[in-house]
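# Per-entry structural report
Each chain, letter by letter, is given below.
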Amino acid sequence: MKGHRFDPSVLREYDIRGVVGKTLSSDDATAVGRAFGTIMRRSGYKCVAVAYDGRLSSPEIADALGAGLSACGLHVVRCGRGPTPMLYYATQAEDVDAGVMVTGSHNPPDYNGFKLVLEGKPFFGERIQQLGELAAAGDFEAGEGSFEDRSPQSDYVARLISDYEGERPLSVAWDAGNGAAAEVMVALTRGLPGKHLLLNETIDGTFPAHHPDPTVAENLRQLSEAVVREGCDLGIAFDGDGDRNGVVDGEGQILWGDQIMVLFARDVLQAHRGAPVIADVKASQVLSDEIARAGGRPIMWRTGHAPIKAKMAAEAAPLAGEMSAHIFFADRYYGYDDALYAAVRLLGIVSRSDQSLVEFRQSLTPVLNTPEIRFPCPEDRKFAVVEEVKNRLAECGAEVIDIDGVRVCNDDGWWLLRASNTQDVLVVRCEARTEAGLARLKALVNEQLAASGVETPAL
Ligand SMILES: [Zn+2]
């Protein structure tokens, strides 16, 4: 294979991703295999696991990727179809050095891409850019590789079930959204006590029921309706590749990632008094306050699965979570974002508690917050706008947290402006105790954006 150039848009901060037939082809997949395989060989590694999600293009892309990896002389363990955390599980529990997941995550059906793991850690940032340079130079290792078909699915499901600790049997509605978690979800619910109602439990890469992104309320409507209609205790949904959850309570109301994290933090902190718990900069102040109240040390960190995992390791934190409902358990588990594992832990907590999820939601300190508001901003301006806002705020002595964008606290609450690492968008979120306070925060954001010449979003 000669040098290979990727479409510049596909080499991203945390993964490689594109539109199949437009910016991503089978040749690209083979080149990813050759380049990643070369990096592995030069570090002395020999064995890599590959799995793929339920998209129509995934089997072909996984084959092309495997061809590239084996052409470097690697042993390729083909794990078959399943959710991203099943591949992560294989990289921890099986005797392999690295893993590649073929997945378009929660994106539209024509997307696909790769999440890379080396030595149990995400392969991201600079290293993805280096992979692109290596491919462009055509500087590949060559050798005679080999293949083996070995599905980790039954071991993975058994591992998930082994951590269930419940008392009262629950009635649960589940929605896999026809995504890659579907088969594991079916096997998991067969092994758990209680009553289980399954929705969209077959894998279908056209996503016929709804888009598999549970951070969008509309995508949880079918689940909410089923929970209310059937009188379930709760409902659990998964995104397209099973690393993020959606949760609804017994009244069909959504509990967002930073609300569910309150339950997880209380649970984990019982076993780890005073431990750090990590949440991203988008999360509610209520979560930080509740972590502290439960005896933990709240740490606010950059959004994104790779920086969160790195911070968890650095702080030896037993738990981390993002507003987007990537939840990471290092307590009794491996520290990666696994929505199926989080579901098992959540069921245990609800099952052991006298409080229903509805009562839990009602017990949280009421705050008014916006969802994550995203609006377009050109690639060459997005980081500059955040920088300009930060400089203006510094001049007027505002209280600013700048680990990822700017998060500004004042007497009304807080507001956040950050540049997305993965798209040409700016992200805003505001949270206040009163309506008037929320309006004042929105006005401050608009004022700052206008000063940088950014068209004001519908705040
Ligand atoms: Zn995902």
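Rules behind the numbers
- Residues numbered from 1 in each chain as written.
- Predicted model: local features only at pLDDT ≥ 70, side-chain atom pairs only at ≥ 80, totals over all residues.
- Heavy atoms only, no water.
- Pairing = 2+ DSSP bridges.
- Helix = DSSP H or I, 4+ residues; strand = E, 2+ residues; numbered from the N terminus.
- Axes fitted to C-alpha atoms, helices over the stretch in contact; angles between N-to-C directions.
- Contact = heavy atoms within 4.5 Å.
- Buried < 20%, exposed > 50% of the residue type's maximum accessible area, 1.4 Å probe, protein only.
- Arc of directions from axis to C-beta.
- Donors = N, O, S within 2.8 Å, 3.2 Å for Na, K, Ca; no water.
- Tetrahedral: all angles 85-135°; square planar, octahedral: opposite > 155°, others 65-115°.

## Side note on the sheet that holds strand β13 (residues 276–280)
Pairing is mixed across the open sheet formed by 4 strands, whose spatial order is β14-β13-β15-β16. The outermost strands of the open sheet, each flanked by one partner alone, are β14 (297–301) and β16 (327–329). Across the sheet, the mean angle from the axis of one strand to that of its neighbour is 15°, orientation sign disregarded. Taken together, the 3 bridges between strand β15 (residues 319–321) and β16 define a ladder with antiparallel strand orientation. Pairing of A320 across the sheet is with F328, part of β16. Packing of helix α8 (residues 257–271) onto the sheet brings it into contact with β13, β15 and β16, and relative to β15 it is tilted by some 175°.

## Some words on helix α7 (residues 221–230)
The α-helix winds at 3.6 residues per turn, so residues separated by three or four positions along the chain end up facing the same way. Taken together, the buried positions of α7 are L223, S224, A226 and V227. Buried residues of α7 fall within an arc of 165° about the axis and therefore sit on the same side. Each element contacted by the buried residues of α7 is listed here: β8 (171–175), β9 (195–199), β10 (234–238) and β11 (245–249). One or two residues past the end of α7 sits G231, with phi positive at roughly 65°.

## As for the coordination of the zinc ion
Of the protein atoms, only S105 (OG), D239 (OD), D241 (OD) and D243 (OD) coordinate the zinc ion, at distances of 2.0 to 2.7 Å. Of note is the zinc ion, whose 4 donor atoms meet at the metal with angles of 94 to 155° in an arrangement that counts as irregular. Every donor residue of the zinc ion comes from the same chain, spaced as S-x133-D-x1-D-x1-D. Taken as a pair, S105 in the loop between β4 (98–102) and β5 (111–118) and D239 in the loop between β10 and β11 lie far apart in primary sequence, 134 residues in all. Per residue, the accessibility class of S105 equals that of D239, and both read buried.

Read these as spatial facts, not as claims about activity.
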